[in-house]
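In case you want the letters, here they are:
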Amino acid sequence: AEFLVSRGFNEMMSNSLISDRFVNESAVADYASEENIQIVNPLSSDLNVLRQGLIFNGLEAIAYNQNRQHADLSLFEFGNVYKKAGEGFAENFRLALYLSGSTLPNNWRNPSTTYTFYDIKGEVMALLKRLGLAGKVKMEACESEVFEESVSYLLNNKTLVQVGWVNSTIHKQFGVREKVFFADFDWDAMLSALKPDQISYQELSKFP
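Residues numbered from 1 in each chain as written. Predicted model: local features only at pLDDT ≥ 70, side-chain atom pairs only at ≥ 80, totals over all residues. Heavy atoms only, no water.

**Quick word on the overall build of the protein**
Here's step 1: Helix and strand content of the protein: 6 helices and 10 strands.
Here's step 2: Along the first, second and third principal axes, the C-alpha atoms of the protein reach 75 × 60 × 30 Å.
Here's step 3: Going through the 208 residues of the protein one by one, you find that 42% of them count as buried.
Here's step 4: The long-range fraction of contacts in the protein, counting pairs at least 24 apart against all pairs at least 6 apart in sequence, stands at 59%. (Helix = DSSP H or I, 4+ residues; strand = E, 2+ residues; numbered from the N terminus. Buried < 20%, exposed > 50% of the residue type's maximum accessible area, 1.4 Å probe, protein only. Contact = heavy atoms within 4.5 Å.)

Shown next as structure tokens:
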């Protein structure tokens, strides 16, 4: 978290409970309504299932800020996601990065430029490099319906992160006007990849 803050990101924290309409209306293969974990006796229809992905909370936060004249956003969130898995349930810890709007405020000296795919890709690579994984991962095209265009970074055929820009149908569903660049890390897989190498020790010499 400290590394991301040092790069200009702001941390967000959101509720693990969302509305089932997010999944139903998004109509993407990544999130299926039959995999929603329903809450017994929910407090409201807006909090009746556990989230399958962090993207829904992120788009809500981006729309909220854009509607209050805060359109230039760089956000991150760590959190668990949940879904049905056969007869049981699956829980996964993830990290999401979001970039939307302009990189700098517009003024007479420095005209603003909007975020691009290369900005979010650069942030992903910076984090992978910080963790010592940049030289080990393999990049390939991603087939996720969450994104308009995207790539994945894999290690030993395990996807560590998907990065690209959000499908316009999904971000319009939340009333987001600007393009959203999104990176979705499987943080459990990242931690597994960071298992330390075997270290050997040798006794120091007793003589100068």
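Right, picking up where we left off after that structure.
**What about the environment of Leu54?**
Here's step 1: Within the secondary structure, Leu54 is located in the loop between strand 4 (49-50) and helix 3 (55-66).
Here's step 2: For Leu54, a relative accessible area of 2% translates into the label buried.
Here's step 3: Among residues more than four places away in sequence, those in contact with Leu54 are Glu77, Gly79, Asn80, Val81, Arg94, Leu95, Ala96 and Tyr98.

**Thoughts on the side chain of Asn57**
Here's step 1: Within the element layout of this structure, Asn57 appears in helix 3.
Here's step 2: For Asn57, a relative accessible area of 5% corresponds to the buried category.
Here's step 3: If near-sequence neighbours (up to four positions away) are discounted, Asn57 is found in contact with Met12, Ser14, Asn15, Ile18, Arg51 and Glu77.

**Focus on the nonpolar core**
Here's step 1: Ile55, Phe56, Leu59, Tyr98 and Phe182 are the most contacted members of the largest nonpolar core, which has 27 residues in total.
Here's step 2: Listed by contribution, the elements that provide at least two residues to this core are helix 2 (20-26), helix 3, strand 5 (73-85), strand 6 (88-100) and strand 10 (180-186).
Here's step 3: Contact partners of Ile55, with chain neighbours within four places excluded, come to Tyr31, Tyr98, Val146, Val166 and Phe182.
Here's step 4: Membership of the second largest hydrophobic core comes to 26 residues, among which are Leu95, Phe117, Leu160 and Val163. (Core = buried A, V, L, I, M, F, W, Y, C linked by side-chain atoms within 4.5 Å.)

**Points about the packing of aromatic side chains**
Here's step 1: The final tally for this structure, using the stated rule, is 13 aromatic pairs.
Here's step 2: On the basis of an interplanar angle of 70° and a centroid distance of 6.0 Å, the ring pair of Phe117 and Trp165 is categorised as edge-to-face. Highlighted residues: Phe117 in helix 4 (residues 117-130) and Trp165 in strand 9 (residues 158-166), separated in sequence by 48 residues.
Here's step 3: With a relative accessible area of 15%, Phe117 lands in the buried category.
Here's step 4: Residue Trp165 is classed as partly exposed on the basis of its relative accessible area of 22%.
Here's step 5: Linked through ring pairs, Phe76, Phe78, Phe93, Phe185 and Trp187 together constitute an aromatic cluster.
Here's step 6: Over the aromatic face of Tyr64 sits the side chain of Arg68, whose NZ or CZ is 3.7 Å from the ring centroid. (Phe/Tyr/Trp six-rings, centres within 6.5 Å; stacked < 30°, edge-to-face > 60°. Lys NZ or Arg CZ within 6 Å of the ring centre and 35° of its normal.)

**Brief notes about the sheet that holds strand 3 (residues 37-38)**
Two strands in a sheet stick together by hydrogen bonds in their backbones, pointing the same way (parallel) or opposite ways (antiparallel).
Here's step 1: On the basis of which strands lie adjacent, the open sheet formed by 3 strands has the order 2-4-3 and antiparallel pairing. Taken across any chain shown, the strands that pair with only one partner, and hence form the sheet edges, are strand 2 (17-18) and strand 3.
Here's step 2: As paired strands, strand 2 and strand 4 are joined by 2 bridges and run antiparallel to one another. Residue pairing for strand 4: Ile18 is matched across the bridge by Val49. (Pairing = 2+ DSSP bridges.)

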